[in-house]
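Residue-level structural notes
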Amino acid sequence: MKQATLADEAAALTRAIDLADGRLSDGPITAARQTLQKIGVRSELAPDRTVVALMGATGSGKSSLFNALVGEQLARTAATRPTTRRPLAASWGEGASELLDWLDVPERTLRPDDGSGLVLLDLPDIDSTELDHREIAHRMAEVVDVLVWVLDPQKYADAVVHQQYLQPMAAHAEVTMVVLNQADRVSEAEVASIMRDLRRLLAADGMESVEMHAVSALTGAGVDDLRTRVHAIAASKKARLARAHADLVRAARHLDAAAGGAAAGEITAQNHTRLLEASFRAAGIPAVAAAVRGSHIRRARASVGWPPIRWVARFRPDPLRRLHLDRAVSTPALARTSLPGPTPVQEAAVRASAHALVAGATRELPDMWRSAIQQEVESRIPAVVSALDTAVAGVDYERDRTPWWWKLMGVLQILLITAAVVGAVWLGGLYVMDYLRMPPPVTPMLWEVPWPSALIIGGLGIGALLALLSMAFVRLGASRRAGRVARRLREAVARTIERQLVGPLRTELTDYEYFRESLASVLQSNRRFE
Ligand SMILES: Nc1nc2c(ncn2[C@@H]2O[C@H](COP(=O)(O)OP(=O)(O)O)[C@@H](O)[C@H]2O)c(=O)[nH]1
Ligand SMILES: [Mg+2]
């Protein structure tokens, strides 16, 4: 597996913050932004220098240890407080002044350059009675590269260090060191037992892997070893990166905790189907399909209906025209039907099913995130409802498709009715001749029936029979066409719902998953610095 670089991790955290902005509580987001900003500034400022700070409670011997490590009495040490008021720096080699300006450490001493790039800081007490001093120590804990906790045999278990610093900075174990000072005050056996107890306490703090030393600033025992270690850590130039990594991990953990660590839910098929069904009804698909069927039958009757009663069809208006769906639209996006629009009940059903869809998919999300998505998706519903009408107006209604047999049947019907008329005129002629007592002409016979009667009976009878048969076929065709149009309407409505509601919801859920993946990539990156 390719190792993630610090830049990759920072990019992942930036992504997570951008995705979570406004969707998680401000605290962890602001903190993560500050962390990223700090890392950015620090990496520009003397990136090859390593800032190691001595931290601890009053009288633990930070200043004494500082002097012992430097090898000169630079820091004031005292049994009575207050002692160290301002941070004091010892810098091995030139080139740390900008960095120390940024750290706000005015008191500096230059040590001969040993190539380590070490900057050692003596800090005010973390439990100082002066708020200023405590704040300086607190601020420094956030910006230095390595934290060396100086404890003493009496107060090594004090709550302040463990609860306020070590536990919250568990992610920083790799850039933390714990030093038991004043080892000369107790016996060797006691030192060993204190170190065991301290190891247990540190493990409980989440810092089982932290490096530990026992020293005496007074006698100098263990100080050489500690000095060698501190210089070696600085010389490796990895502590700054390890510190930045730990900061990113801590920020990611806080964001992860704020999100509650739950995966996004799913858009279930059942909820999706319910939303579509409600939308189909709101779009008036059953009414439109019925109109398509009616319009088809009406048009067919004009071609294949029985001529004597065709005119009846003209009295009924075309149901598609009534809905303004009788003509193809030139700009489908602007098309409007004259459908009455969804009833309040139908619109409420769309609203309720959309709500159920969103609620089902976001159930496990953090509260703020969930309501943001709900608002975002549900605010689209009025626009969606009016878009349904456009979708309905835009589909192919097969208006101009005339089945070939309609024309054939139309011609046949004209021939048949013409035959009936010819028969009637013929019979009329015979009747008039009989009335005028003229000798009856020989009337040709079709089997037992005179031709004129056969023409009337046949023309009308066959015409009526064919019309009945044709209309039965027409009804079948009308139902099929209504079915095809209804399917197209459902597809158009489904596309609209997908584009305007389900799609945006999916994007939101993907964003949330992307947020979680981004955090996971920071939390799971296994960087090793030594
Ligand atoms: N016995 C003993 N006393 C120490 C040791 N280190 C510091 N002290 C004393 O503890 C007191 C506080 O020391 P100081 O360095 O000012 O502690 P700070 O407040 O942590 O800076 C002073 O009186 C020191 O002489 C040590 O290793 N052994
Ligand atoms: Mg001091």
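This text goes with the structure placed above it.
What this report covers is the structure whose coordinates are included nearby. (Residues numbered from 1 in each chain as written. Chains lettered and ligands numbered in written order. Predicted model: local features only at pLDDT ≥ 70, side-chain atom pairs only at ≥ 80, totals over all residues. Heavy atoms only, no water.)

Remarks on the side chain of R243
Examined against the element boundaries, R243 turns out to sit in helix 9 (residues 239-259). Among the residues examined, R243 registers a relative accessible area of 2% and is labelled buried. Only 3.2 Å separates the side chain of R243 from the backbone oxygen of V144, close enough to count as a polar contact. In contact with R243, other than residues within four places in its own chain, are K38, A141, E142, V143, V144, D145, L147, M169, H172, V175 and R250. (Helix = DSSP H or I, 4+ residues; strand = E, 2+ residues; numbered from the N terminus. Buried < 20%, exposed > 50% of the residue type's maximum accessible area, 1.4 Å probe, protein only. Polar contact = N/O pair within 3.5 Å; in protein donor to acceptor, adjacent residues only side chain to side chain. Contact = heavy atoms within 4.5 Å.)

Description of unusual backbone geometry
Residues other than glycine seldom take positive phi values, yet D104 does so here, at roughly 65°. Relative to the helices and strands, D104 is located in the loop between helix 4 (97-103) and strand 3 (107-111). Phi angles above zero are rare outside glycine, and E398 is one such case at about 55°. The residue E398 is located in the loop between helix 16 (381-393) and helix 17 (404-435) in this model. In this structure E398 comes out as buried when scored by relative accessible area, which is 4%.

Considerations on the site of ligand 1
Surveying the vicinity of ligand 1 reveals 19 residues, the closest of which are G61, K62, S63, S64 and D184. Between ligand 1 and G59 there is a distance of 3.0 Å, counted from an oxygen atom to a backbone nitrogen or oxygen. The separation between an oxygen atom of ligand 1 and a polar main-chain atom of S60 is 3.4 Å. Against a free-state accessible area of 580 Å², the protein chains account for coverage of 86% of ligand 1. Considered class by class, the residues forming the shell around ligand 1 number five nonpolar, 10 polar and four charged. (Near = heavy atom within 4 Å. Areas by Shrake-Rupley, 256 points an atom, 1.4 Å probe, with all protein chains shown as cover. Nonpolar A, V, L, I, M, F, W, Y, C, P; charged D, E, K, R; others polar.)

With respect to the pattern of salt bridges
This structure, assessed with the given rule, holds 27 salt bridges. The salt bridge partner of E142 is R243, with a shortest N-O separation of 4.0 Å. Taken as a pair, E142 in helix 5 (residues 131-143) and R243 in helix 9 lie far apart in primary sequence, 101 residues in all. With a shortest N-O distance of 3.5 Å, R250 and D247 are connected by a salt bridge. A residue pair is termed a helical-turn pair when its members lie 3 or 4 positions apart in one helix, as R250 and D247 do in helix 9 at three residues. Relative accessible area serves as the criterion here: at 12%, R250 is assigned to the buried category. Accessibility expressed as a relative area gives 1% for D247, which makes it buried. Here the salt bridges share partners, and the residues they tie into one network are K38, E142, R243, D247 and R250. (Salt bridge = Lys/Arg side-chain N within 4 Å of Asp/Glu carboxyl O.)

In short, geometric facts, not functional conclusions.
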